[in-house]
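In case you want the letters, here they are:
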Amino acid sequence: MEKEPTNLKVDIKNGIGTITLNRPKFLNVFNEETLDEFASILDEIGRNENVKVLVLLSACKKAFTAGADIKQMSAKDREGGKRFAQMGHRIARKLETMPQPVIIGIHGYTLGGGVEFACACDIRIAAEGSVFSQPEIDIGVIPGWGGTQRLSRIVGIAKAKEMIYTGKRIDAHEAMEIGLVNHVVPRENLEDVVMALAETMASKGKHALFNAKRAINQLHESFIEDGLAFEVERWTELFDTYDQKEGMRAFLEGRHPKFEDR
Ligand code: CAA
């Protein structure tokens, strides 16, 4: 893929920041350059005292985004793959934790990392005809930008598992039925509906708006923090068991372990 001068367009007006994905030729696929650019813009907007609401849109007719750049990913070894995952995670985490609420207006294909970034936003509005999927299973991987965690939390574990295990596509109406999007609107009204909602939110007091986001997110934050801490405890206590020692020893000796439940 050729280098384009601007992968994202930014506009700030009346308390509303708008980032428009702008690689239409490449279906707004996220390569490393775009991810870096996105991260810097999100940092700037997060610090901008004049922005109360952030909006994400796409300038590509056909897609919000076809996801992560498979060509770039396919050339990576394990460490490179890990770094690529971390770059996407960094974006999703910024969207999720930046002070301003984020509204995403979706149309066309929204695949893989597109769904993952959408899930990190606060409010999702989809145009009729949008197509969503987590297709990573079909390229031999799993969602790598938070999809296993955030999609499951938003649509429920059963629906997320079905999407992630099969890579199946769902349309905007099914996305609304399962709670993935807040509203479905005609394509021609998408930007207007998104901006009207952003204006309503931007008319509220900034501190209340930001604190509402922080407070609602805390449910998830404390869940993650508690879950990780709980896991470390359970992991650590196993080091007091016979079976842990037997299991590791057996692996190093190249034989099957004989567990004794103690
Ligand atoms: N990465 C790199 N290139 C991509 C791409 C991607 N994700 N998606 C599409 N393209 C490229 C195609 O290779 C093609 O390039 P050429 O013109 O050079 O051949 C061009 O974009 C147009 O694509 P198609 O010819 O396939 O167009 P289509 O209309 O038939 O299909 C599509 C469009 C449904 C989006 C299809 O391209 C597609 O399924 N793309 C793959 C989507 C995908 O699997 N995304 C998930 C990636 S993994 C991820 O995002 C998350 C992660 O966790 C890291």
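Use the structure listed above.
Because the structure is a prediction, the values reported are computed rather than measured.

Asker: Just checking my understanding: could you explain the site of the ligand for this structure?
Answerer: Around the ligand sit 22 residues, and of these K62, A66, A68, G113 and G144 come closest. Between the ligand and K62, the relevant distance is 2.6 Å, taken from an oxygen atom to a side-chain nitrogen or oxygen of the residue. The backbone of G113 places a nitrogen or oxygen atom 2.8 Å from an oxygen atom of the ligand. Relative to its unbound accessible area of 980 Å², the ligand is 61% covered by the protein chains. If you list the elements that add at least two residues to the shell around the ligand, you get α2 (70-74), β6 (109-111) and α4 (113-120). For the shell around the ligand, the class distribution of residues is 13 nonpolar, 4 polar and 5 charged.

Asker: Just checking my understanding: could you explain the environment of Y109 for this structure?
Answerer: Along the chain, Y109 falls in strand β6. With residues near it in sequence (within four places) discarded, Y109 still touches K62, A63, F64, T65, V131 and R169.

Asker: Would you explain the environment of K168 in this entry?
Answerer: Relative to the helices and strands, K168 is located in the loop between α6 (157-166) and β9 (170-171). Judged by its relative accessible area of 28%, K168 falls in the partly exposed class. The sequence separation of K168 and F132 amounts to 36 residues, and the corresponding C-alpha distance is 8.4 Å. Once you skip the residues sitting within four places of it in the chain, K168 turns out to touch F132, S133, E162, M163 and E174. Within the structure, K168 has its side chain in polar contact with the side chain of E162 (distance 3.1 Å).

Asker: Looking at this structure, how should I read a negative patch on the surface?
Answerer: Among the surface-exposed residues, E128, D171, E177 and E188 lie close enough to one another that they form a single negatively charged patch. Tracing the sequence through the fold places E188 in the loop between β10 (183-185) and α8 (190-202). The class of E188 is exposed, set by a relative accessible area of 64%.

Asker: Looking at this model, I keep getting lost on the pairing of strand β1 (residues 8-13). Mind explaining?
Answerer: Within a regular beta strand, the side chains point alternately toward one face of the sheet and then the other, so they alternate between its two faces. Taken together, the 6 bridges between β1 and strand β2 (residues 16-21) define a ladder with antiparallel strand orientation. Each bridged residue has a counterpart across the sheet, and for V10 the counterpart in β2 is I19. Following β1, the chain reverses through 2 residues before pairing antiparallel with β2; N14 in that reversal takes a positive phi of roughly 50 degrees.

Asker: I'm lost on the nonpolar core in this one. Help?
Answerer: Here is a general trend for soluble globular proteins: nonpolar side chains tend to be buried in one another's company. Within the largest apolar cluster, 45 residues are counted, with the highest numbers of intra-cluster contacts made by L56, L95 and L180. Ranked by residue count, the leading element in this core is helix α1 (residues 32-47), at 6 residues. Setting aside anything within four residues of it in sequence, one finds L180 in contact with C119, R124, F132, L151, I154, V155, I170 and A175. Counting residues in each nonpolar core, the second largest holds 16 residues, with I16, I123, V185 and F210 among its members.

Asker: Explain the pattern of salt bridges here, please?
Answerer: Side-chain pairs of opposite charge can arise where the charged atoms are in close proximity. This structure, assessed with the given rule, holds 14 salt bridges. Close ionic contact of K94 with D43 constitutes a salt bridge, the shortest N to O distance being 2.8 Å. On the criterion of sequence distance, the pair formed by K94 in helix α3 (residues 78-97) and D43 in helix α1 is long-range, its members being 51 residues apart. Under the relative-accessibility criterion, D43 is labelled partly exposed at 32%. R262 is paired through a salt bridge with E260; the nearest N and O atoms lie 2.9 Å apart. Relative accessible area serves as the criterion here: at 42%, E260 is assigned to the partly exposed category.

Asker: Can you help me understand the side chain of N217 in this one?
Answerer: Within the secondary structure, N217 is located in helix α9 (residues 206-237). For N217, the side chain forms a polar contact with the main-chain oxygen of E96, separated by 2.7 Å.

Asker: In this structure, what is going on with a nonpolar patch on the surface? I would like to understand it.
Answerer: On the surface, I70, I139 and V141 cluster together into a nonpolar patch covering about 250 Å² of accessible area. For V141, a relative accessible area of 41% corresponds to the partly exposed category.

Cut-offs and rules
Residues numbered from 1 in each chain as written. Predicted model: local features only at pLDDT ≥ 70, side-chain atom pairs only at ≥ 80, totals over all residues. Heavy atoms only, no water. Near = heavy atom within 4 Å. Polar contact = N/O pair within 3.5 Å; in protein donor to acceptor, adjacent residues only side chain to side chain. Areas by Shrake-Rupley, 256 points an atom, 1.4 Å probe, with all protein chains shown as cover. Helix = DSSP H or I, 4+ residues; strand = E, 2+ residues; numbered from the N terminus. Nonpolar A, V, L, I, M, F, W, Y, C, P; charged D, E, K, R; others polar. Contact = heavy atoms within 4.5 Å. Buried < 20%, exposed > 50% of the residue type's maximum accessible area, 1.4 Å probe, protein only. Patch = residues over 30% accessible without salt bridge, like charges linked within 9 Å, V, L, I, M, F, W, Y side chains within 5 Å. Salt bridge = Lys/Arg side-chain N within 4 Å of Asp/Glu carboxyl O. Lys, Arg positive; Asp, Glu negative; His and termini not counted. Charge placed at Lys NZ, Arg CZ, Asp CG, Glu CD. Pairing = 2+ DSSP bridges. Core = buried A, V, L, I, M, F, W, Y, C linked by side-chain atoms within 4.5 Å.

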